[in-house]
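# Understanding the architecture of this molecule
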Amino acid sequence: MKQDMILILDLGSNDNAGLAREIRGLGVYSEIHPHDITGPELAKLSNVRGIILNGGPNRKVNGELINASEAVYQSGLPLYLSDHQGHAPWPISATDRRKVLEDFIFQTCRAQKTWNIESYIADQVERIRRQVGNGRVLLALSGGVDSSVVAALLVRAIGDRLTCVHVNHGLMRKGESEQVVDVFQKELNVNLIYIDATDRFLDRLTGIADPEQKRKIIGGEFVRIFEEEARKQTGIEFLGQGTIYSDVIESGTKTSQAIKSHHNVGGLPEDLHFELVEPVKMLFKDEVRAVGLALGLPQSMVYRQPFPGPGLAVRCLGAITRDRLTAVRESDAILHEELEKAGLDQQIWQFFTVVPDFRSTGIKDGKRSFEWPVIVRAVNTVDAMTADVPELPWLVLRNLTERITREVPGVNRVLYDLTPKPTGTIEWE
Ligand code: XMP
């Protein structure tokens, strides 16, 4: 079935992604395209039922006038012009805005409600089969939501012609790599190459205290290991990637280009000629999660918090040592258990622990101790650009302190970081 679409023309409004998500929430697919879309580009999108000139038809962005392209007017498609002289701004109340949208989409454009997760999955499975043919796909499976959902989609589409590589850099959270192996290898029967590269990463990181250098080493080593594995796998022409729609949409206010293709394979050498397969490229994060759940991935994987690529390395401050890394991992696991027990885990956007590279005096078992503190970090945010610190109940903080100082070797204090972003960043390094 041809899927109806409402096209949002990017005229620099910072509300484009929210609007596209809102329209999809009404059951109609929506995409954002640059203001200067050409006639032939528009003609290719034969399923467009109407166009919203969001913030248009012309706007000044950074002193530059952004005009909707002529092709938009010549298309003969229904247009909705918002927020411009002579045109109605979006109503402030969510209910009124929804009514305006519904009138435009269903009355004016006569769009059909054909957008839902099941049809997306069916459509992508078809597309993957068409793209890949009898070929094979390689996928770096980090255990994060996006690559996990891509793996689940690919296995449904091409079964054992998918090979996943999970590189455990030794900087994962407690139980994370084990879960990847359990879910994908044991339950979903995926060809999974598990590489325990803990020693390789930790050896390379020995004595490196500068955060950016740590990140560089980890990123570089990761690519090298993946590349080594890719070379061993002969006859693979495709590379799966967990690019999502927010990676694809450039924030429209900075430039007039709404779409940019910036997700090439980070640093892979050019003689590895892979064609990309990116089956969640048009999805928002919550839609990626819904696809994951529909494909049977566990909640704990699908609702996993954002986790930096360099993993616990940026939470084991300064030069990493194995014992402090264990302290970060164990205290993080306790924090997760305690917040889950208190029913707070789904209400806080991101939380984790940090172990600095200094010690303080304390008393343990009646004797003087000289050990590390654990810093608890919890933040709420919408876009990770700014963040607030939630007020954790005192009892939860007390339980945490008691458990962490008792159960985690080498730790004698627990601190709660009260700093919003700004002035702090979310991570410490
Ligand atoms: P900051 O610390 O910049 O973090 O306030 C914002 C969000 O980004 C995550 N983060 C990273 N993610 N690689 C990543 O993939 C990184 O190097 C990195 N550093 C920070 C952080 O966890 C938070 O969600």
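Our subject is the structure listed above.
The following paragraphs examine the structure supplied in this document. (Residues numbered from 1 in each chain as written. Predicted model: local features only at pLDDT ≥ 70, side-chain atom pairs only at ≥ 80, totals over all residues. Heavy atoms only, no water.)

Moving on, we get to the sheet that holds strand 7 (residues 137–140). Strand order in this open sheet of five strands is 9-8-7-10-11, and the pairing throughout is parallel. Because the sheet does not close on itself, it has two edges, and the strands there are strand 9 (191–196) and strand 11 (275–277). Strand-to-strand twist in this sheet, taken as the mean axis angle between neighbours without regard to direction, amounts to 25°. Pairing of strand 8 (residues 162–168) with strand 9 involves six bridges; the strand directions are parallel. Within strand 9, the residue paired with Val167 across the bridge is Ile195. Against the sheet, helix 5 (residues 117–132) touches strand 7, strand 10 (238–240) and strand 11, its axis set at about 165° to strand 11. (Pairing = 2+ DSSP bridges. Helix = DSSP H or I, 4+ residues; strand = E, 2+ residues; numbered from the N terminus. Axes fitted to C-alpha atoms, helices over the stretch in contact; angles between N-to-C directions. Contact = heavy atoms within 4.5 Å.)

Before going further, it helps to examine the packing of aromatic side chains. To describe a pair of aromatic rings, you give the distance between the ring centres and the angle between the ring planes. All chains considered together, the criterion is met by six aromatic pairs. Seen in terms of ring centroids, Tyr80 and Trp90 are 5.0 Å apart; in terms of plane orientation they differ by 25°. Their pairing is stacked. Taken together, the residues span a long stretch of sequence, with Tyr80 in strand 6 (residues 79–81) and Trp90 in the loop between strand 6 and helix 4 (94–108) at a distance of 10 residues. With respect to burial, Tyr80 and Trp90 carry one shared label: buried. Seen in terms of ring centroids, Phe201 and Phe222 are 6.5 Å apart; in terms of plane orientation they differ by 55°. Their pairing is tilted. Here Phe201 is found in helix 8 (residues 198–205), whereas its partner Phe222 is found in helix 9 (residues 211–232), with 21 residues between them in sequence. Taking the relative accessible area as the measure of exposure, Phe201 reaches 1% and is therefore buried. Judged by its relative accessible area of 25%, Phe222 is partly exposed. One aromatic cluster is present, built from ring pairs that chain together Tyr29, Trp115 and Tyr120. Here Arg24 stacks its cationic end above the ring of Trp115, 5.3 Å away from the centre of that ring. (Phe/Tyr/Trp six-rings, centres within 6.5 Å; stacked < 30°, edge-to-face > 60°. Buried < 20%, exposed > 50% of the residue type's maximum accessible area, 1.4 Å probe, protein only. Lys NZ or Arg CZ within 6 Å of the ring centre and 35° of its normal.)

Around the ligand, the neighbouring residues are Arg215, Pro308, Gly309, Pro310, Trp349, Gln350, Lys421, Thr425, Ile426 and Glu427. Between Arg215 and the ligand, the recorded distance is 2.5 Å, taken from a side-chain N or O atom to an oxygen atom. Lys421 has a polar side-chain atom sitting 2.6 Å from an oxygen atom of the ligand. Look at the ligand: alone it shows 500 Å² of surface, and the protein chains cover 68% of it. When its residues are assigned to classes, the shell around the ligand shows four nonpolar, three polar and three charged. (Near = heavy atom within 4 Å. Polar contact = N/O pair within 3.5 Å; in protein donor to acceptor, adjacent residues only side chain to side chain. Areas by Shrake-Rupley, 256 points an atom, 1.4 Å probe, with all protein chains shown as cover. Nonpolar A, V, L, I, M, F, W, Y, C, P; charged D, E, K, R; others polar.)

With that out of the way, let us pick up the layout of surface pockets. Quantified by volume, the second largest pocket comes out at close to 1,000 Å³. Forming the walls of the second largest pocket are 33 residues, and the residues nearest its centre are Tyr29, Glu31, Gln124, Arg127 and Met282. Listing elements by their share of the lining of the second largest pocket, those giving two or more residues are strand 2 (29–34), helix 2 (39–44), helix 5 and strand 11. It is helix 5 that contributes the most residues to the lining of the second largest pocket, seven residues altogether. A class-by-class count of the residues in the lining of the second largest pocket yields 17 nonpolar, eight polar and eight charged. Counting the residues that make up the lining of the second largest pocket, at least three belong to each of domain 1 (5–108) and domain 2 (117–302). (1 Å grid on protein atoms, 1.4 Å probe; cavity = no way out; pocket = protein on both sides within 12 Å on 5 of 7 lines; lining within 4 Å. Points joined across faces, edges and corners; volume = space filled by probe spheres on them. Domains from an automatic or database assignment.)

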